[in-house]
Amino acid sequence: MIVTVASFKGGVGKTTTAIHLAAFLQGYAETLLIDADPNQSALAWASRGELPFAVVDQWQAEAIATPHGHVVIDTPARPIAEDLALLASSCDLLILPTTPDILALDALALMVQHLAGLPIAPYRILLTMIPPYPSRAGVEVRDMLLTTGLPLFEGGIRRYAAFQKAALAGTAVYDVKDPKAEVGWQDYVAIGKEVLALALEVNDEGTV
């Protein structure tokens, strides 16, 4: 399957999500992460350490003849309308990460507006960098999004310093020494399982 991670705003965990979904999917089939972001954040992440899957830029990806079981695409922040239409129509699932703050939610609303009417693959909104208790920001934003009827992952990604440590080390979060590393990884495991379940629905019914 092809999973595309896209956002109209930087700093919402787009690359972190692409890295960790690729790490999860690699456990089920050979996975390729394509870094289509001009900032090449995923390639920089990979260059600092070792990841369990291949990371290439979009030009290198075109030269790869061997098919992969899964492909994850990390995209530029704020893609232009034409690029967004292409990205949304050429994948099996479009993931829209957002943090629970007003600027990110404004960008999310704009992206959903742009997606409306396009012949796109199914998409799901992913709440990321959810602040820890006693903050209720994550719960409040989730409740608000549910009232809109927009498709939302049941799970979410909590805000842990372990993810920054993983980016610095060039590894997945489960490979860093941090008390929250495994908890952070399990957040992505839960999302990965939802992704696979959605893929099965698409295969069985043709729609989500």
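Treat the numbers as computed from the prediction; the structure is a model and nothing was measured. (Residues numbered from 1 in each chain as written. Predicted model: local features only at pLDDT ≥ 70, side-chain atom pairs only at ≥ 80, totals over all residues. Heavy atoms only, no water.)

Chemist: Go over the side chain of Asp187, please, and point to the residues and values.
Modeler: Turning to its location among the elements, Asp187 is positioned in helix H8 (residues 181-205). Ignoring sequence-local partners within four residues, the contact set of Asp187 consists of Gly156, Ile157, Arg158 and Tyr160. (Helix = DSSP H or I, 4+ residues; strand = E, 2+ residues; numbered from the N terminus. Contact = heavy atoms within 4.5 Å.)

Chemist: Which residues make up the sheet that holds strand E1 (residues 2-5), and what values do they have?
Modeler: What holds strands together in a sheet is hydrogen bonding between their backbones, with the strands either parallel or antiparallel. Reading across from one edge, E3-E2-E4-E1-E5-E6 is the order of the 6 strands in this open sheet, with parallel pairing throughout. This sheet does not close on itself; its edge strands, each paired only once, are strand E3 (54-57) and strand E6 (123-127). For this sheet, the mean inter-axis angle between neighbouring strands, taken without regard to orientation, is 25 degrees. Where strand E2 (residues 31-35) and strand E4 (residues 70-74) come together, 5 bridges link them in parallel fashion. (Pairing = 2+ DSSP bridges. Axes fitted to C-alpha atoms, helices over the stretch in contact; angles between N-to-C directions.)

Chemist: Before we move on, can you summarise the packing of aromatic side chains with the specific residues and values?
Modeler: According to the stated counting rule, one finds 3 aromatic pairs in the structure shown. Measuring from ring centre to ring centre gives 4.7 Å for Tyr174 and Trp185, while their planes differ by 80 degrees; the resulting arrangement is edge-to-face. With Tyr174 in the loop between helix H7 (161-169) and H8 and Trp185 in helix H8, this pair connects stretches of sequence that are 11 residues apart. Taking relative accessible area as the criterion, Trp185 reaches 12% and is therefore assigned buried. (Phe/Tyr/Trp six-rings, centres within 6.5 Å; stacked < 30°, edge-to-face > 60°. Buried < 20%, exposed > 50% of the residue type's maximum accessible area, 1.4 Å probe, protein only.)

Chemist: Could you give me a rundown of the pattern of salt bridges, with the residues and numbers involved?
Modeler: A complete count under the given rule lists 4 salt bridges for this structure. Of the charged contacts, one joins Asp37 and Lys14 as a salt bridge, the two residues approaching to 3.2 Å between their closest N and O atoms. Of this pair, Asp37 sits in the loop between E2 and helix H2 (41-47) while Lys14 sits in helix H1 (residues 14-26), and the two are 23 residues apart along the sequence. Considered together, Asp37 and Lys14 belong to a single accessibility category, that of buried residues. Where Arg158 meets Asp187, a salt bridge forms, and the shortest distance between an N and an O atom there is 2.8 Å. Of the two residues, Arg158 is situated in the loop between helix H6 (137-148) and H7 and Asp187 in helix H8; the sequence distance between them amounts to 29 residues. Linked through salt bridges whose partners overlap, the residues forming this network are Lys14, Asp37 and Asp74. (Salt bridge = Lys/Arg side-chain N within 4 Å of Asp/Glu carboxyl O.)

Chemist: A description of the nonpolar core should follow, citing residues and the corresponding values.
Modeler: Most often, soluble globular proteins have nonpolar side chains that are buried together. Ranked by internal contacts, the top residues of the largest apolar core, which has 41 residues, are Leu33, Phe53, Val55, Ile95, Phe153, Val173 and Val195. Elements represented by at least two residues in this core include exactly E1, H1, H2, strand E5 (93-98), H7 and H8. Per-element tally for this core: the top contributor is H8, with 9 residues. When residues no more than four places from it in sequence are discounted, the contact partners of Leu33 are Ala18, Ile19, Ala22, Ala42, Phe53, Ala54, Val55, Val56, Val72 and Asp74. Counting 21 residues, the second-largest nonpolar core is a separate cluster that includes Phe8, Ala88, Leu94 and Leu145. (Core = buried A, V, L, I, M, F, W, Y, C linked by side-chain atoms within 4.5 Å.)

Chemist: Explain H1 to me, using residue names and the numbers behind them.
Modeler: Between the first and last C-alpha of H1 there are 18 Å, a value that for 13 residues agrees with the 18 Å anticipated at 1.5 Å per step. Burial within H1 is extensive, with 12 of its 13 residues counted as buried. Among the residues making up H1, those that are buried are Lys14, Thr15, Thr16, Thr17, Ala18, Ile19, His20, Leu21, Ala22, Ala23, Phe24 and Leu25. (Expected span 1.5 Å × (residues − 1).)

Chemist: Would you mind going over the pairing of E6 in detail, with residue names and values included?
Modeler: Successive side chains on a regular strand alternate, one facing one side of the sheet and the next facing the other. The buried fraction of E6 amounts to 5 of the 5 residues, a majority that puts the element mostly inside the structure. A two-sided burial pattern is seen for E6, the buried positions comprising Tyr123, Ile125 and Leu127 on one face and Arg124 and Leu126 on the other. When E5 meets E6, the two strands line up parallel, connected through 5 bridges. Counted as the bridge partner of Leu96 is Ile125 from E6.

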